[in-house]
Amino acid sequence: MCFHATHEKDETLARRGCRDCFTVLYERHRGAMARYVREAFLSDLDAALEIEDEAWKKAFEHRGTYGGDRPFRAWLIAIARHQALNSLRHARKAPPPRDLLRPDEPSPLDRAERLESREHCARLVRSLPGHLREPFFLRVVLDLAPRDIADLLRLPVSTVRGRLFRARKAIAESARERVKP
Amino acid sequence: MKCPEAQREVSALLDGEGDRSGPLSAHLHECEDCREFERLSVGVAEGYRHEVRSGIVALRRLERPRRRGRPALAAALLLLAIVSGLSIREPLPATTVVSLPAEAEAPLVSRTDLGLPLTLVSDAPALPPVGLDAPLSEWMRTLPIRLSEDPPAVPALSAEESS
């Protein structure tokens with residue numbers, strides 16, 4: 001077992017490239033790519049897990065290409081994104097999974113609490129169009145900086161900033177509409 | 001400073017850019033709409049982050065859902081393996097050793113009845129005889145250690161079991 005594996009940063013382990021180091025990276029980040037695919041593309045869990053599996057294989061095969069110039073997480077997500085676009089491009093467009101878009105239910109919580117509840121927050125985000133939802137996910141959940149998101153999505157940084165702002169604006173407007181009497 | 005500009009600056013702040021400058025701070029102090037925009041942006045992001053990250057934790061604990069057809073195929077292969085006696089056998093007990101103790105005896109009369117070789121391997125101790133009515137797992141213990149030897153015939157079902 002590589003002695004330094006468990007104590008190093010992601011970028012160091014990825015540049016080292018040994019199997020043990022990659023195993024540590026896998027343990028740290030597994031599940032994240034599947035969740036990204038589910039949230040960004042509203043795919044079902046099975047497809048998302050398969051895409052993550054393929055992405056990990058590709059990441060390991062091409063670990064020598066990671067130069068450390070961007071966060072490892074961003075590099076990993078770029079691979080997952082590429083896999084997801086390839087897979088989902090050919091798949092029949094399916095309706096979003098039911099468990100991601102729950103129907104409105106009468107809530108016993110008062111309006112302020114309902115607004116803040118996690119499920120409600122997730123519903124607000126998932127109602128965004130894809131081109132706003134994806135950068136929002138990358139920023140809020142994976143903590144990627146706008147320039148890393150821009151690099152990953154192959155967009156100008158100003159476009160990414162604009163989309164993040166529009167996502168927040170849309171979320172705030174939706175949230176206000178639900179709170180209004 | 002007007003609201004659209006103030007809200008863009010709030011958004012930039014949330015992305016780790018810019019600073020809470022004098023004009024922005026003064027505007028937020030006076031404008032309830034922009035304060036609410038900031039509060040909702042932070043609150044919803046926080047709620048969404050928690051929801052998704054707890055989903056990632058749940059995913060890591062999740063037993064992988066099987067692909068369609070795989071369970072049936074796996075079951076068919078397993079059954080085939082059991083019937084042919086080629087690859088499935090329980091681990092041998094600890095007493096299975098390479099060297100033959102001096103006092104061990106080779107012949108297994110009941111095993112001859114089943115058509116089994118007299119000894120499994122020349123350097124293994126004798127295993128207890130297994131009757132035709134033994135359960136499958138017990139019968140599987142009698143499988144030869146060396147794959148080059150012929151496996152035993154599958155014991156026939158008794159009249160009770162076949163009815």
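Residues numbered from 1 in each chain as written. Chains lettered and ligands numbered in written order. Predicted model: local features only at pLDDT ≥ 70, side-chain atom pairs only at ≥ 80, totals over all residues. Heavy atoms only, no water.

1. Notes on the overall build of chain B
Our working definition: Think of it this way: any DSSP run of H or I at least four residues long counts as a helix, any run of E at least two long counts as a strand, and we number them from the N terminus. In this scheme, a residue with accessible area under 20% of its type's maximum is buried, one over 50% is exposed, and one in between is partly exposed, where area comes from a 1.4 Å probe on protein chains only. Working definition of accessibility: Shrake-Rupley area with a 1.4 Å probe, residue cover restricted to the visible protein chains.
Scanning chain B for helices and strands turns up 7 helices and 0 strands. Ordered by position in the sequence, the α and β elements of chain B form the string α-α-α-α-α-α-α. By the burial criterion, 26% of the 163 residues in chain B qualify as buried. Within the structure as shown, chain B displays about 10700 Å² of accessible surface, and the carbon and sulfur contribution to it stands at 59%.

2. Quick look at the overall build of chain A
Along the backbone of chain A there are 10 helices and 0 strands. Written out in order from the N terminus, the α and β elements of chain A read α-α-α-α-α-α-α-α-α-α. Taken over 181 residues, chain A has a buried fraction of 44%.

3. Topic: the confidence of the model for chain A
Residue and element names in this part refer to chain A. Put simply, the test is: Confidence per residue, as judged by the predictor, is encoded in pLDDT with a range of 0 to 100. Only heavy atoms matter for contacts: two residues are in contact if any of them lie within 4.5 Å across the pair.
Per-residue confidence for chain A gives a mean pLDDT of 82; residues scoring 70 or more make up 80%. Considering each helix and strand of chain A separately, the mean pLDDT is smallest for helix 6 (residues 111-116), with a value of 51, and largest for helix 8 (residues 130-140), with 95. Low pLDDT (under 50) marks residues 98-112, which in the prediction has 19 contacts with non-local residues, meaning those over four places away or in another chain.

4. Structural notes on the pattern of salt bridges
Where we set the bar: Counted as salt bridges are all cases of a side-chain nitrogen of Lys or Arg within 4 Å of a carboxyl oxygen of Asp or Glu.
The full count for this structure, using the stated rule, is 18 salt bridges over all chains. Here Asp-148 of chain A ties to Arg-147 of chain A by a salt bridge, and the two come within 3.6 Å at their closest N and O atoms. Take Arg-147 of chain A: its relative accessible area is 58%, and that puts it in the exposed class. Note that Arg-168 of chain A is salt-bridged to Asp-15 of chain B, the shortest N-O span being 2.7 Å.

5. Considerations on the state of the cysteines
All names here are of chain A. To keep it simple, the criterion reads: Pairs of cysteine sulfur atoms within 2.5 Å are what we label disulfides.
If you walk through the whole model with that rule in mind, you get 0 disulfides over all chains. Not part of a disulfide, Cys-21 finds its nearest cysteine sulfur in Cys-18, a span of 3.0 Å. Taking the relative accessible area as the measure of exposure, Cys-21 reaches 0% and is therefore buried.

6. Some points on helix 9 (residues 146-153) of chain A
Residues and elements named next belong to chain A. With respect to burial, helix 9 is a largely interior element, 6 of its 8 residues being buried. Taken together, the buried positions of helix 9 are occupied by Pro-146, Asp-148, Ile-149, Ala-150, Leu-152 and Leu-153. Following helix 9 by one or two positions, Arg-154 has its phi on the positive side, about 55°.

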